[in-house]
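# Coordinate inspection notes
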Amino acid sequence: MPYDKEELAKFRQSGKILKETREEMKTYVKENMPVIDVCEKAEELIRKKGGKTAFPCNVSINEVAAHYTSPPNDTLTIPEGSTVKVDIGVQIDGYVTDTAFTAAFNPEGKSMANTAELALNTAIENLHGDMPLGKIGTIIENTIKNRGFKPISNLTGHSVGRYLIHAGTSIPNVAQISLTKIRAGEVYAIEPFVTVPEAIARVDDSPEVTIYRLIKAKSTKNPHAKTLLKHIETNFRTLPFAERWLNGVVPKEQHTQAFKELLKEKAIAGYPVFVEASKKPVAQAEHTVLIKEDGCEVLT
Ligand code: MN
Ligand code: MN
């Protein structure tokens, strides 16, 4: 069902806040900076501008393609010469927008970052209502390959919705045969990922997990686990969250045990960090767009 005027106003407000935040973050990210500072800066900017974070700020470095946010007390810093994806999201009354850029501190990374931007912009210039999904993938793949790089085959863009970051439809970054079409009035995040030509160019789940989501509000015996769960339900609903966002919700000494219990009982689950299968560096660019009959409106 297409969004009404009020809903679109919320998407546009969400996108405006996110765009401003992204542009400020582009000049903020520097080599040797603590990753947790980058995460907290982006999240603070979003709140200052009147938005709510739709998910924790992802800072994914080199072969880490996506889904890394700082755990509590993270000591990781931005390595010199690295390629850093910063991926951020805003929600206004649940209406989600999603954007990303790559800060590259090496020539190859810069070239990959430019290629990801070019693939994104080329796709955006061509988007319109009733366009088959496979055609978008073809445009992205061809643009990336023409520049001598490779798209990551198993990461995709996605439809977004209210309190939903992935609302059901995936937008491929490679050519594929699909009869599914995007429709005017729908909102999508388009996000090409670029790697070097010798890479396997797909991602695997790593054992590391830094981002979580609510699965089911279950009853639990541990009163601190109960308090954490209540906080998660109230504040993040079905949207992803970081463990550091729970600082101070229960006494410090009780936190680790309570959090573990929620995971064990499957009240919450983690999103694994995605790593390029051959450990090659990855760049990304992303915008959220509203599809129109004859084009699209970039919300971010
Ligand atoms: Mn994103
Ligand atoms: Mn996305």
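This structure is a prediction, so every number in the text was calculated from the model and none was measured. (Residues numbered from 1 in each chain as written. Chains lettered and ligands numbered in written order. Predicted model: local features only at pLDDT ≥ 70, side-chain atom pairs only at ≥ 80, totals over all residues. Heavy atoms only, no water.)

## Description of the domain arrangement of the protein chain
For the protein chain, the domain assignment lists domain 1 (5-205 + 275-298) and domain 2 (210-272). Look at where the C-alpha atoms of domain 1 and domain 2 centre, and you get two points 27 Å apart. Summing both sides of the interface, domain 1 and domain 2 together bury roughly 1500 Å²; the carbon and sulfur share of this comes to 64%. Three residues stand out in domain 1 for area buried against domain 2, namely His67, Pro72 and Tyr163, and they jointly supply 40% of the buried area on that side. At the junction of domain 1 with domain 2, the criterion picks out 1 salt bridge. A salt bridge links Arg244 to Glu43, with the shortest nitrogen-to-oxygen separation between them at 2.8 Å. (Domains from an automatic or database assignment. Buried area = accessible area lost by both parts, 1.4 Å probe. Salt bridge = Lys/Arg side-chain N within 4 Å of Asp/Glu carboxyl O.)

## Observations regarding the pairing of strand E3 (residues 83-92)
Across a regular strand the side chains alternate sides, sitting on one face of the sheet and then on the other. In terms of residue burial, E3 counts as a mostly covered element, since 10 of its 10 residues are buried. Neither face of E3 is left uncovered, since the one carrying Thr83, Lys85, Asp87, Gly89 and Gln91 and the one carrying Val84, Val86, Ile88, Val90 and Ile92 both have all their residues buried. Bridging between strand E1 (residues 52-61) and E3 involves 7 bridges; their strand directions are antiparallel. Counted as the bridge partner of Asn58 is Asp87 from E3. Bridge count between E3 and strand E4 (residues 95-104): 10 bridges; the pairing is antiparallel. For Lys85, the partnering residue across the bridge sits in E4 and is Thr102. Joining the antiparallel neighbours E3 and E4 is a turn of 2 residues, in which Asp93 adopts a positive phi near 50°. (Buried < 20%, exposed > 50% of the residue type's maximum accessible area, 1.4 Å probe, protein only. Helix = DSSP H or I, 4+ residues; strand = E, 2+ residues; numbered from the N terminus. Pairing = 2+ DSSP bridges.)

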